[in-house]
Every structure is written in C-alpha cells, then in structure tokens.
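# Chain and residue survey
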Amino acid sequence: MKIGNHEFDTKNRTYVMGILNVTPDSFSDGGRFDSVDRALKQAERMVSEGADIIDIGGESTRPGYTMISDEEEIARVLPVIEAVRSHFDIPISLDTYKSGVARAGLQAGADLINDIWGLKYDPAMAGVIAEYDVPCCLMHNRARADYADTATRDQAADADGWTDGNEKDAGFVTAWKEDLSETVRLAKQAGIRDEHIILDPGVGFGKTYENNLQAIRHLDQLHTFGYPLLLGTSRKSVIGLTLDVPADDRVVGTAVTTVFAVIHGCAFVRVHDVKENVQAIRMTRAILGL
C-alpha cells in the first residue's frame, strides 16, 4: 500500500500511526497540542520515536463530545497539516468524518482520510476520497451499542461451527462484520480502490465494554475482508476499566493490545505513546522470528 510517497508492506509489518490531537477537549491529551508550535514539537517527537504516520484530528470524539462546525475544524487542522508537511517527510492522516474537512485537508497535503464512521455519517465522504484517489481507514461504528438481535445470530453461528469456546461472541461478530460489509460496499460503489482501503474494528465506538473485548479478541475474523487492519485502542476506556487506571496510566495496557495486533496480523496500530509501542512491536516480531 502506498500512502503519500511511502510504501507500506501491510502483509508483513505492523506500522505505528501517532495521534496528534489539535483539540481542547480530547479525553487524554486535550489542549496539549492545540497550537501549531506545540503540535510541531509533538510531531517531531513522534517522528524521532519511530512513528510511520501522523494522524491529525481537530474534533474530539470522546464520549459526550460536542460537535463543531466544518469551518472550526478546518481552522484547527489546516495550519498543522501544512506545518507538518513542510517540516517532515512522513505520511499525514486526517481524522475526520466530514467531507468538507476531508477535502480541505487533502488540498493542504493530507495523504489519508481516517473516518470513524466508515463512510456512513457523511454521504459525500466516499466520493471525496475517490476523487482524490487516496487511502482511507474506515472504522466500524454504530450510533448505539445495540446488538439485541445477536441471539438469533448466535444460533446461526453455532450451526456454522463456532466450537472454539467463544460461541457467546458469535452473534456480535456476525453483526460487526455485516456493518463493515456495508462500509466496504459504500467504498466500492463510490470508486475507492481496494488497495486504498484499511479497516478498523472500532474499539471504543458503538460498543459496550464486553463488545470492545470481543472486537479485539476476534480481530482475525476481519481478515476475511482481505484489507489491511488498523487497531486503535490507545488509552481507551476498555483498558481503563479492565485495569482500573486513569487515561494517563494506560501505556502498558495499550502495549499489550499492540502485541496482540502484531500476533494477529494488523498492519497498523494507532497510539498516543509512540516509543513504547514501537518497542512492543519490535520485541514481538523478534520473538515470532519475523
């Protein structure tokens, strides 16, 4: 896969996408990098620590977040995209679900669109991505964590041979994959090329605590789509709730999920703490003999 002018071996490697939130209210780093100078210093740090992509976001998507206008989001991200582009030779991802912001960001130098709604929020998003012929990361999401119809799917899945001790997860997994199938259909209908699609299981979005664990547990199921996978669990509540630790003390928990991502063939992990996760990837690959 080519992102910007960089080639990514998504079949054999796991790459690090460093998170650069230029927001006042993100759940773990809100307000820390909401000026161009501070954002550039953080980008420099992530590049030096081994980040392969910088993911720039201008609107918090934490639980209970307040949506902002396209104009405000553009005003936050464009100066940072332009500054990172002028200072570093690294692919830039733009974290947005709004087509107007995506278009402005691509014109400013972004190389990839990271859409947390998997093309389902803004009907024009798929067309913009196809028009600019750029890669995209498409995440699983739902407005509500309502998988009440999974009991019927559980029965069907039992018949399909779920005999690995995870039969209770089968209904969720089936619904999850159905949702992502619709995202893929929207992408292909708009003309987004297969080689430009990355899928994200959507940990922390439209899921209960148990659903989030199920999504991580069954990453392998998403390989049936044939696209590279990105796992984004960094500092999220599933780690906080499991370990009973605050957002700024979730590095170890995040690194464990990164190890799991490497073992299960994810091409990308999206993280706040680049150095620690780069080391986790290297150690895991050494143990696996990769």
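Overview of the structure. Here the residue numbers are simple positions, counted from 1 along each chain's written sequence. The predicted origin of the model limits local features to residues at a pLDDT of at least 70 and limits the giving and counting of side-chain atom pairs to 80 or more, whereas totals for whole chains, interfaces and linings rest on all residues. To get the side-chain values, take all heavy atoms of the structure and skip hydrogens and water.

### Overview of the packing of aromatic side chains
Think of it this way: a Phe, Tyr or Trp ring, Trp meaning its six-membered ring, pairs with another when their centres are within 6.5 Å, and the plane angle makes it stacked under 30 degrees, edge-to-face over 60, tilted otherwise. Scanning the model with the defined rule gives six aromatic pairs in all. For the pair Phe 8 and Phe 268, a centre-to-centre distance of 5.9 Å together with 50 degrees between the ring planes defines the contact as tilted. Here Phe 268 lies in strand S10 (residues 268-271) and Phe 8 lies in the loop between strand S2 (6-7) and strand S3 (15-21), a separation of 260 residues in the sequence. For the pair shown, Phe 8 and Phe 268 are each scored as buried. Plain terms: the ring middles of Tyr 147 and Phe 172 are 5.0 Å apart, the flat faces sit at 70 degrees to each other, and that makes the pair edge-to-face. Of this pair, Tyr 147 sits in the loop between strand S7 (136-139) and helix H5 (150-159) while Phe 172 is found in helix H6 (residues 170-190), placing the two residues 25 residues apart along the sequence. The exposure class of Phe 172 is buried, given its relative accessible area of 3%. Three or more aromatic residues joined by ring pairs form one cluster here, namely Phe 8, Tyr 15 and Phe 268. Put simply, DSSP H or I for four residues or longer makes a helix, DSSP E for two residues or longer makes a strand, and each gets a number counted from the N terminus. The buried label goes to any residue with under 20% of its type's maximum accessible area, the exposed label to any with over 50%, and the partly exposed label to all in between, with areas taken from a 1.4 Å probe on protein chains only.

### Topic: the sheet that holds S10
At least two bridges found by DSSP between two strands are what make those strands a pair. Strand order in this open sheet of eight strands is S8-S7-S6-S5-S4-S3-S10-S9, and the pairing throughout is parallel. Both outer strands of the open sheet, strand S8 (197-200) and strand S9 (230-231), are each paired with one neighbouring strand and no more. As defined by bridge partners, S3 adjoins strand S4 (residues 53-57) across five bridges and the pair is classed as parallel. Bridge pairing in S4 places Gly 18 opposite Ile 54. The contact criterion used throughout is that any non-hydrogen atoms of two residues lie within 4.5 Å. Note on definitions: angles span 0 to 180 degrees between N-to-C directions of axes, and those axes are lines fitted to C-alpha atoms, for helices only across the stretch in contact. Across the face of the sheet, helix H2 (residues 70-87) comes into contact with S3, S4 and strand S5 (92-95) while running at roughly 175 degrees to S5.

### Comments concerning the pattern of salt bridges
Salt bridge criterion: a side-chain nitrogen from Lys or Arg within 4 Å of a carboxyl oxygen from Asp or Glu. Per the counting criterion, the structure on display carries 18 salt bridges. Across the salt bridge formed by Lys 98 and Glu 59, the nearest N and O atoms sit 2.8 Å from each other. Note that Lys 98 is positioned in the loop between S5 and helix H3 (99-108) and Glu 59 in the loop between S4 and H2, a separation of 39 residues in sequence. Across the pair, Glu 59 and Lys 98 agree in class, each one buried. One salt bridge connects Glu 210 with Arg 217, and the closest N-O pair in it is separated by 3.6 Å. Connected through shared salt-bridge partners, Lys 168, Asp 169, Glu 210 and Arg 217 make up one network.

### A look at the environment of Val 80
Summarising the element assignment, Val 80 is placed in helix H2. Judged by its relative accessible area of 3%, Val 80 is buried. The spacing of Val 80 and Leu 20 is 60 residues in sequence and 9.5 Å in space, taken between C-alpha atoms. Residues in contact with Val 80, not counting those within four places in the same chain, are Leu 20, Val 22, Val 36, Ala 39 and Ile 56.

Geometry only, nothing functional implied.
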